[in-house]
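For reference, the chains in residue letters:
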Amino acid sequence: MEKTQQDWSRRKFMYTLTGAGTLVMLNPMITWAAETFDPRIAAIVAKTIGIDTHNHVDVPLNATELPGPKIDIVDEMEKSGLSAICTTFAVDYQELKNPGDAYNRFLNGLTAMDKALESNKMKRSLNLADIQSAHKKHTPTVIQSVEGAHFLEGNLDRLQVAYNRGLRHLTLLHDHDASVPLGDVFTNPAQFGGLTAFGSDVIKECNRLGILVDLSHANNETVNAALKITTKPVLISHTGLDTQLGQNEFMNKMMRPRLISKEQAKIVADNGGVIGVWTHLADSPLQYAQNIKAMVDVVGIDHVAIGTDTKLTPSYRSPEQSKPKPDGEKHGEPQHKEDKNKNKMGGGTNETWKDEKEGFYYVVVDALLKTGFNEDEIGKIGGGNFLRIFDAATKGH
């Protein structure tokens, strides 16, 4: 059946543009879209493998709440233009009171994610070939991550369990110290002298198994010690330069400890690492592109990626977190505690900036072009640099 002009969404227009390899602007049915959207953007989005190296997909972590609400990962990814996301969750937002709490939450989170992927008819990508195959088929995919190795609780053999469940990306630290600490977190007072002996063992085991190590949330001493231990390149998936503070005073204060200096960024890059630039502290796509450019100017085009630290799908709050305390307040934290400041942080991944009309990767590619990046450079920032180190970490496993 022939579609009417109104039936053609801009997303379908962009896909048709690139699917044939020629400009379908010749089709009078859809010439309206060409007037407002540069066809180069659609071509770059289709050709490159766009990856968000740090994206939260909320899932229940308590066994009694499994499998959780239905979430539409495919639709949001197709809207975004991203080929893949490193989907993550953290187990330490609610207090870890008892031995085994962190491990149980981790396993429950993976089980909930299994169900979510099954309902979306998606699979995890376990290596570079999986990602490339999914992209060739125009099929969205995810790389499984977890933010913080709290689930190990000093048990190194649990990494093998995690690997068998599909984990291929481990953020070593998160906001709260694990019961058996792995290193100093940049927002907490330093007390471990950087990387701990257990943290060193975890990195070595990740290298052996084929899990990419993410050093986000680690202070400089922890990062530098880790770089001496690892035999594979590392990722810092979500941060920004401490010179790019934006105009929001509240955000400046909250995010300042989480930013990286030029000197430290160079250390990571000189060791083959990649740094993901988050969307925080950027009030527009163009400002985000400028933050990326600032990072590229410091570390080079081969060491920068996208790591939004946003949520692709709606937030999830456990019923346990909604029980009132005697004083009328509620227990616990949202799974991503910046949710409390959602109006300041922006909405979901496809609603990062106010009045965003297109999906995330489309508007970012547009902004990168306007900032002076060419197609090859956008391909590296958009996903190519991440793919290089992900392949180095997982190849042969």
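Residues numbered from 1 in each chain as written. Predicted model: local features only at pLDDT ≥ 70, side-chain atom pairs only at ≥ 80, totals over all residues. Heavy atoms only, no water.

(A) Molecular detail of helix α4 (residues 73-80). When α4 is considered as a whole, its buried residues turn out to be Ile73, Val74, Met77 and Ser80. Angularly, the buried residues of α4 cover 130° about the axis, an arc narrow enough to put them on a single face. Here the buried face of α4 lies against β2 (84-88), α5 (101-119), β3 (141-147) and α14 (360-371). The backbone nitrogen of Asp75 lies 3.0 Å from a side-chain oxygen of the residue at the head of α4, namely Asp72. (Buried < 20%, exposed > 50% of the residue type's maximum accessible area, 1.4 Å probe, protein only. Helix = DSSP H or I, 4+ residues; strand = E, 2+ residues; numbered from the N terminus. Arc of directions from axis to C-beta. Contact = heavy atoms within 4.5 Å. Polar contact = N/O pair within 3.5 Å; in protein donor to acceptor, adjacent residues only side chain to side chain.)

(B) Structural detail: the pairing of strand β6 (residues 235-239). The element β6 is extensively covered by neighbouring structure, given that 5 of its 5 residues are classed as buried. Here β6 pairs with strand β7 (residues 274-277) via 3 bridges, running parallel. Paired with Leu235 across the two strands is Val274, which belongs to β7. (Pairing = 2+ DSSP bridges.)

(C) A look at the environment of Lys79. Take Lys79: it is sitting in helix α4. For the pair Lys79 and Gly359, spaced 280 residues apart in sequence, the C-alpha separation works out to 5.1 Å.

(D) The packing of aromatic side chains, seen in detail. In total, this model carries 6 aromatic pairs according to the counting rule given. Note on Tyr288 and Phe360: the rings are 6.4 Å apart at their centroids and 50° apart in plane angle, and the pair reads as tilted. Of this pair, Tyr288 sits in helix α12 (residues 285-299) while Phe360 sits in helix α14, and the two are 72 residues apart along the sequence. Taking relative accessible area as the criterion, Tyr288 reaches 0% and is therefore assigned buried. The exposure class assigned to Phe360 is buried, which follows from its relative accessible area of 0%. Connected via pairs of aromatic rings, a cluster forms that spans Phe89, Phe106 and Phe151. (Phe/Tyr/Trp six-rings, centres within 6.5 Å; stacked < 30°, edge-to-face > 60°.)

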